[in-house]
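Read off the chains here:
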Amino acid sequence: MGATRRLAAAFGRLTNLADARLGARVLFASDEWFAVGSNLLQPTPPHWDPETFCVQGKVMDGWESRRRRAAGHDWALVRLGLPGYVLGVEIDTAHFTGNQAPAARLLAATIAADNDESWLGAPRADLGVRGSAASPEQIAAAEAACANAAEWIELVPATALRPGEPLPVGLEFRALRTRR
């Protein structure tokens with residue numbers, strides 16, 4: 001069994017902290033034009049239905065933006081359903097065969113449990129609505145709020161994605177830094 005398959009099999013023994021059934025939710029997404037950010041949190045494998053279309057085009061089971069034409073990148077902020085240690089992540093481009101994002105990067109932060117989402121400001125009125133996107137002002141405000149809320153640690157550096165394949169990433173830490 002190859003390293004990727006072994007790692008993917010190991011994920012089945014772990015708790016998915018980003019599972020909507022455990023309370024995980026998207027707090028911000030820069031663009032949800034073709035598919036909403038909450039699709040990132042579904043506990044089931046992605047489903048392909050070649051017959052399902054909407055006003056924006058093909059309905060997808062993952063998160064799909066329009067791809068930014070301005071500087072920067074599209075991003076989503078997810079509050080995990082449970083606190084825990086991240087031992088691995090899977091970035092899956094199943095059914096995105098040519099329209100997948102070229103790369104993905106994953107950052108994480110610890111924000112005090114008693115700190116509700118007020119640090120982020122009011123949620124976008126159309127958050128979670130297909131065909132919606134944040135304005136440049138909303139994106140700048142969310143980026144500033146994130147930067148001020150916590151120290152963000154890079155878990156996965158910008159990594160090229162391949163079409164139609166999962167990218168399981170095992171994380172192994174040799175040192176841990178905590179702050180009070």
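In what follows, the accompanying structure is described. Values in this document were obtained by computation on a predicted structure and should not be read as measured data.

1. A word on the overall build of the chain
Within the chain, the secondary structure is distributed over two helices and 10 strands. From first element to last, N terminus to C terminus, the chain shows the α and β order α-β-β-β-β-β-β-β-β-α-β-β. With 180 residues in all, the chain has 27% of them scored as buried. Sequence-distant contacts, at least 24 apart, represent 79% of the contacts inside the chain between residues at least 6 apart. With an accessible surface of roughly 11800 Å², the chain has 55% of that area assigned to carbon and sulfur atoms.

2. Considerations on the pairing of strand E1 (residues 25-29)
For E1, the buried fraction is high: four of the five residues fall into the buried class. Both E1 and strand E5 (residues 76-79) contribute to a ladder of four bridges, which runs antiparallel. From the neighbouring strand, Phe 28 faces E5, where its bridge partner is Leu 77.

3. Some points on the pattern of salt bridges
Tallied over the entire structure, the rule returns five salt bridges. Between Arg 66 and Asp 31 there is a salt bridge whose closest N-O contact spans 3.0 Å. You can see Arg 66 sitting in the loop between strand E4 (57-58) and E5 and its partner Asp 31 sitting in strand E2 (residues 31-32), a full 35 residues away along the chain. Close ionic contact of Asp 126 with Arg 124 constitutes a salt bridge, the shortest N to O distance being 2.7 Å. Through salt bridges with shared partners, a single network forms among Glu 32, Arg 124 and Asp 126.

4. With respect to helix H2 (residues 136-149)
Over its 14 residues, H2 runs 20 Å from end to end, which matches the ideal 20 Å to within 8%, given 1.5 Å per residue. Turning to H2, its buried residues number three or more, namely Ile 139, Ala 142, Ala 145 and Cys 146. The buried residues of H2 all sit within an arc of 130° when viewed along its axis, so they share a single face. Opposite the buried face of H2, at more than 90 degrees from it, the exposed residues are Pro 136, Glu 137, Ala 147 and Asn 148. Buried residues belonging to H2 abut E1 and E5.

Basis of the calculations
- Residues numbered from 1 in each chain as written.
- Predicted model: local features only at pLDDT ≥ 70, side-chain atom pairs only at ≥ 80, totals over all residues.
- Heavy atoms only, no water.
- Helix = DSSP H or I, 4+ residues; strand = E, 2+ residues; numbered from the N terminus.
- Buried < 20%, exposed > 50% of the residue type's maximum accessible area, 1.4 Å probe, protein only.
- Contact = heavy atoms within 4.5 Å.
- Areas by Shrake-Rupley, 256 points an atom, 1.4 Å probe, with all protein chains shown as cover.
- Pairing = 2+ DSSP bridges.
- Salt bridge = Lys/Arg side-chain N within 4 Å of Asp/Glu carboxyl O.
- Expected span 1.5 Å × (residues − 1).
- Arc of directions from axis to C-beta.

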